[in-house]
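Chain and residue survey
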Amino acid sequence: MDNQRSMSLLQFMADEGLVPSPEEEEKRKNAIHKLKQIVSSWIKKVAWQHRLPKHQIAVTSATILTYGSYGLGVHSSESDIDALCVAPFFATIAEDFFVVLHHMLKRRPEVSELHCVKSAKVPLMRFKFDGISIDLPYARLRVLYVPENVDILNPFFMRNIDDTSWKSLSGVRANKRILQLVPNVENFQSMLRCLKLWAKRRGVYGTLLGYLGGVHLAVLAAYVCQRHPDATLNALIMNFFRTFAFWPWPTPVMLQEGMLPTAFDAIEPRSFMPIWLPSGPYEYCHSNITKSTFYRIRTEFLRGHNMTRDLSKPDFIWDNVFEPFPYSKRYSHFVKIYLSTTDQCELGDWVGWVKSRFRGLLGILDGVQGLCDPNPTEYVDTEKTEPNVVFYWGLQPGKNNLVDIDLVEGEFMKIIGNGYEGSPGKMELSILLASQLPKNAQFDDGTVKGRKTCWKIIDYEKKRNPVCSQHLPHCLIGHVAPSGEAECLSSGG
């Protein structure tokens, strides 16, 4: 029966399209291979521009390391690729990465929609390569030669690196360590695919909304795999829900017993659900979990446990476990968050900025309402002509049963109005009854898919100033907008 349930779960995954086809896999591998070739040519060019000796130019190298869902082998056909550019110490992020490499990518026929996201916590370039979305952050090591498959867990490579490089390398290091620690990689990957679908369907996936991200689920899944090394996929899912439905939070979840801290440090008071990154002894997974989202996640863990604790029932089917969360049936009131701009090209930047500050809004609503359930799905108000994105967050009746939404909006405007570099869009909050929800807000059927925030498309036809190398003043390496704004450094047409 156990193996039958596991096989039915694997079939469910296939039916849901969670595993890419061989053709899609080959396309991704080719994209990464070509990207490595571009980076190899780039670092030779940069070494020459920095006037390195010929023998150093000959041996210097850079590489591409994948991480995230692709690096863990749990990506779907719709997933993008997180790929880290790792280069030697002499290649700067401001000039060599955001100008020289940008210039080389811009000239490639496979590359489209190339943007720079320099104000992010981890600065990166975002583009499509042969139609595949790629996020490319940057890290540099204190070496002249970066091997193609550099062992990034080796302390030698982590010595004296800058803070941006450390943050950029964190995801790669965590991925690699997780895959080393799980006893059966294939079972772990199948389990993690299932858990990501479950979290998305049940509305508890997305770090900006205070829920679980991919790295959180990866560590939790690996923890269960370590403790049940011979379990089938079916049993791993069951043990996952049983383990975390009753986990004594805020006791941290840790994969390596050898890195246990002292008793004083064992509890992380700043986090409701502390999950340690396995790449270092004192790193936690970044988390925005609030009191409300913590309650929702634990409720979903308990629901999963109740539904999977007796898998021998003849009427058990996996579809019920992955049933979309019924927002419109569960809540009678919603906060509508309406975001808009006059220009479609500016909408992605504005939505991305506001989402990065959502934890502040969650904190305000938690304080005045007691519980707020932020549905991560993004919708569009079709009755409006201006470009817009809408969120609908469920509200539980609080002590006063009424929310002064104007006061909440004013407080949140103070948060999002501080530090935004572009032209701010519109942000409006309102309260809706469940009966007032628009028909296109299909909460309960799982058909609405989340949209990855796009970033502003720069007009490359406008006037731009040339940028020359600091090391070779007569060498043109790209262009930059004359305004000097924090928009993308451009290479020209």
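What follows is about the overall build of the protein. A count of helical and extended segments in the protein gives 16 helices and 11 strands. By residue count, 52% of the 493 residues in the protein fall in the buried class. In the protein, the proportion of contacts linking residues at least 24 apart, taken out of those at least 6 apart, comes to 70%. Approximately 22800 Å² of the protein is accessible, and the part contributed by carbon and sulfur atoms is 52%.

Right, let's get into helix 9 (residues 214-227). Here helix 9 spans 20 Å end to end across 14 residues, near enough to the 20 Å set by a 1.5 Å rise per residue. For helix 9, a buried count of 10 out of 14 residues is recorded, marking the element as mostly surrounded by other parts of the structure. Every buried residue belonging to helix 9 is among H216, L217, A218, V219, L220, A221, A222, Y223, V224 and C225, and all of these are buried. Residues of helix 9 that are buried in the fold lie against helix 4 (68-72), helix 7 (163-181), helix 8 (185-201), helix 10 (233-245) and helix 11 (291-308).

This paragraph deals with the nonpolar core. Counting 82 residues, the largest nonpolar core has F188, M191, F240, F244, F301 and W393 as the members making the most contacts within it. At 9 residues, helix 9 tops the list of elements feeding residues into this core. Setting aside its immediate chain neighbours within four residues, F244 contacts L220, Y223, V224, W249, V253 and F301.

Moving on to the side chain of D82. Within the secondary structure layout, D82 lies in strand 2 (residues 81-88). Beyond its immediate sequence surroundings of up to four residues, D82 is in contact with L65, T66, Y67, G68 and D135.

A few words now on the pairing of strand 2. Across the 8 residues of strand 2, 8 count as buried, placing the element largely inside the fold. In this sheet, strand 2 lies alongside strand 1 (residues 63-67) in antiparallel orientation, the contact comprising 5 bridges. Bridged to L65 within strand 2 is L84. Where strand 2 lies against strand 5 (residues 132-141), 6 bridges are found, and the strand directions are parallel. By the bridge assignment, A87 is partnered in strand 5 with R140.

Turning our attention to unusual backbone geometry. Between W249 and P250 the backbone carries a cis peptide bond, its omega angle lying at 10°. Secondary-structure assignment places P250 in the loop between helix 10 and helix 11. Despite not being glycine, D130 has its phi angle at roughly 55°, a positive value. The topology assignment puts D130 in the loop between strand 4 (124-129) and strand 5. Even without being glycine, N160 reaches a positive phi, approximately 55°. Positionally, N160 belongs in the loop between helix 6 (155-158) and helix 7.

It is worth spelling out the sheet that holds strand 2 at this point. The 5 strands lie next to each other as 1-2-5-4-3, forming an open sheet whose pairing is mixed. Looking along the sheet, the strands with just one partner apiece sit at the ends: strand 1 and strand 3 (111-117). Neighbour to neighbour, the strand axes of the sheet diverge by 25° on average, direction disregarded. Pairing geometry for strand 3 and strand 4, over 5 bridges, is antiparallel. Residue pairing for strand 4: H115 is matched across the bridge by R126. Relative to the sheet, helix 2 (residues 22-49) contacts strand 1, strand 2, strand 4 and strand 5, its axis offset from that of strand 2 by approximately 20°. Together, strand 1, strand 2 and strand 5 form the strand contacts of helix 7, whose direction differs from that of strand 5 by roughly 115°.

Bringing the packing of aromatic side chains into the picture now. Tallied over the full model, the rule gives 31 aromatic pairs. Residues Y223 and F244 carry aromatic rings whose centres are separated by 6.0 Å and whose planes lie at 55° to one another, so their mutual orientation is tilted. One end of the pair, Y223, is in helix 9; the other, F244, is in helix 10, and 21 residues separate them in sequence. You can call Y223 buried: its relative accessible area is 11%.

Let's shift gears to the sheet that holds strand 8 (residues 388-395). One open sheet accounts for 4 strands, arranged 7-8-6-9; its pairing is antiparallel. Looking at which strands have only one partner, the edges of the open sheet turn out to be strand 7 (372-374) and strand 9 (426-433). Strand-to-strand twist in this sheet, taken as the mean axis angle between neighbours without regard to direction, amounts to 25°. Pairing analysis gives 3 bridges linking strand 7 to strand 8, with the strands arranged antiparallel. Across the sheet, the residue bridging to D373 is G394, located in strand 8.

Okay, the packing of helix 9 against helix 10 next. Where helix 9 contacts helix 10, the two axes come as close as 10 Å, and the packing angle between them is 110°. Considered as vectors, helix 9 and helix 10 are oriented roughly perpendicular to each other. For the pair formed by helix 9 and helix 10, the contact residues are L220, A221, Y223, V224 and C225 on the first element and L236, N239, F240, T243 and F244 on the second.

Most of strand 8 is tucked away: 8 of the 8 residues are buried. In strand 8, alternate side chains face the same way, and those of N388, V390, Y392 and G394 on one face and V389, F391, W393 and L395 on the other are all buried. Bridge count for strand 6 (residues 333-340) against strand 8 is 8 bridges, and the pairing is antiparallel. The residue bridging K336 from the neighbouring strand is Y392, located in strand 8.

In a structure, side chains of opposite charge can pair up when their charged atoms sit close to one another. Scanning the entire structure with this criterion turns up 16 salt bridges. Between E148 and K36 there is a salt bridge; the shortest N-O distance is 3.2 Å. Of this pair, E148 sits in the loop between strand 5 and helix 6 while K36 sits in helix 2, and the two are 112 residues apart along the sequence. A salt bridge links R296 to E300; the nearest nitrogen and oxygen atoms lie 2.9 Å apart. Linking R296 with E300, this pair stays in helix 11, spanning 4 residues, or about one helical turn. Across the pair, exposure class does not vary: R296 and E300 are buried alike.

Cut-offs applied
- Residues numbered from 1 in each chain as written.
- Predicted model: local features only at pLDDT ≥ 70, side-chain atom pairs only at ≥ 80, totals over all residues.
- Heavy atoms only, no water.
- Helix = DSSP H or I, 4+ residues; strand = E, 2+ residues; numbered from the N terminus.
- Buried < 20%, exposed > 50% of the residue type's maximum accessible area, 1.4 Å probe, protein only.
- Contact = heavy atoms within 4.5 Å.
- Areas by Shrake-Rupley, 256 points an atom, 1.4 Å probe, with all protein chains shown as cover.
- Expected span 1.5 Å × (residues − 1).
- Core = buried A, V, L, I, M, F, W, Y, C linked by side-chain atoms within 4.5 Å.
- Pairing = 2+ DSSP bridges.
- Axes fitted to C-alpha atoms, helices over the stretch in contact; angles between N-to-C directions.
- Phe/Tyr/Trp six-rings, centres within 6.5 Å; stacked < 30°, edge-to-face > 60°.
- Parallel < 35°, antiparallel > 145°, perpendicular 65-115°, else oblique.
- Salt bridge = Lys/Arg side-chain N within 4 Å of Asp/Glu carboxyl O.

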